[in-house]
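In case you want the letters, here they are:
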Amino acid sequence: MALRMWASSTANALKLSSSASKSHLLPAFSISRCFSSVLEGLKYANSHEWVKHEGSVATIGITDHAQDHLGEVVFVELPEANSSVSKEKSFGAVESVKATSEILSPISGEVIEVNTKLTESPGLINSSPYEDGWMIKVKPSSPAELEALMGPKEYTKFCEDEDAAH
C-alpha cells in the first residue's frame, strides 16, 4: 500500500498519467517482482552458495540472490590454496556496505585454487557472481554432498519462500 501511494505521488510529481485510472481496472501502478538469476547446471546451498561441478573440480561462489541482499561488496576474505573446507563450515567472509557475512562451504574438500582477482576487485561478486566472481575451486572429498544440494527450481522456491517470510 505504501509503495502504491509512493508510486502515485511520484507519478503526480512527474506529471505522469495512466490510462488504467478507473477503479474497476487494474491498479495504475504495479510492481512486478524481479527475482535474482538462478542458473541451470549449478547446485545451491540454503546458505546461498552455488557449486559448479566439472570432472574432479567444484567451483564455489555466492549466488546472485546473496550478492543482491548484501549490496556492494567491498572486501573478500578467502582461504589459502591447499587448505581444506568442510561442509556447512565457514571458509571466508564477504564484507559489503551493509554487513559482513561468513561464507559457508556447501561441500567438503581440498581448496585447489582461489580467485585472487577478488582481492583487488571484490565488486566482481556483484557484477558477475557466477563467472568472474567465483571464490574457490575445490576437489570434493565426498561427492555425495553434491547430490544433497538443491537444483535451480528448488533453490528458486527456497528463495521465494525465504523472502516472503521477511
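As a starting point, this report considers the structure included with it.

Thresholds, definitions, all that
- Residues numbered from 1 in each chain as written.
- Predicted model: local features only at pLDDT ≥ 70, side-chain atom pairs only at ≥ 80, totals over all residues.
- Heavy atoms only, no water.
- Core = buried A, V, L, I, M, F, W, Y, C linked by side-chain atoms within 4.5 Å.
- Buried < 20%, exposed > 50% of the residue type's maximum accessible area, 1.4 Å probe, protein only.
- Helix = DSSP H or I, 4+ residues; strand = E, 2+ residues; numbered from the N terminus.
- Contact = heavy atoms within 4.5 Å.
- Pairing = 2+ DSSP bridges.
- Axes fitted to C-alpha atoms, helices over the stretch in contact; angles between N-to-C directions.
- Expected span 1.5 Å × (residues − 1).
- Arc of directions from axis to C-beta.
- Salt bridge = Lys/Arg side-chain N within 4 Å of Asp/Glu carboxyl O.

In this structure, L78, F91, M135 and I136 are the most contacted members of the largest nonpolar core, which totals 25 residues. For this core, the secondary-structure elements that each account for two or more residues are β3 (57-62), α2 (64-70), β4 (73-77), β6 (90-96), β8 (109-114), α4 (124-127) and β9 (136-140). F91 has contacts with I60, E77, L78, P79, V85, I103, L104, S105, M135 and I136, leaving out every residue within four places of it along the chain.

An order of β4-β6-β7 is seen for the 3 strands of this open sheet, with the pairing classed as antiparallel. Because the sheet does not close on itself, it has two edges, and the strands there are β4 and β7 (100-104). Geometrically, the sheet is characterised by an average inter-axis angle of 25° between neighbouring strands, direction not taken into account.

Apart from glycine, the bulk of residues carry a negative phi angle, and the bulk of peptide bonds sit in the trans form. Of note, the phi angle at N82 is positive, near 75°, even though the residue is not glycine. Relative to the helices and strands, N82 is located in the loop between β4 and β5 (84-85). Note on N82: relative accessible area 63%, which makes it exposed. Of note in the backbone geometry, E88 takes a positive phi value of approximately 65° without being a glycine. Counting through the fold element by element, E88 comes out in the loop between β5 and β6. Of the residues examined, E88 reaches a relative accessible area of 58% and is grouped as exposed.

Let's shift gears to helix α6 (residues 152-165). Taking 1.5 Å as the rise per residue, α6 with 14 residues should run 20 Å; its terminal C-alpha atoms sit 20 Å apart, in good agreement. P152, Y155 and C159 are the residues of α6 that are buried. Mapping the buried residues of α6 onto a view down its axis gives an arc of 65°, with all of them on the same face. α6 presents K153, A164 and A165 as exposed residues on the side facing more than 90 degrees away from its buried surface.

Quick look at the side chain of S105 now. With respect to the helices and strands, S105 occurs in the loop between β7 and β8. With near-sequence residues (within four places) excluded, S105 lies in contact with I60, V85, S86, K87, E88, K89 and F91.

Tallied over the entire structure, the rule returns 2 salt bridges. With a shortest N-O distance of 3.7 Å, E54 and K52 are connected by a salt bridge. According to the relative accessible area criterion, E54 is partly exposed, its value standing at 46%. One salt bridge connects D161 with K157, and the closest N-O pair in it is separated by 2.9 Å. With D161 and K157 both in helix α6 and 4 residues apart, the pair spans about one turn of that helix.

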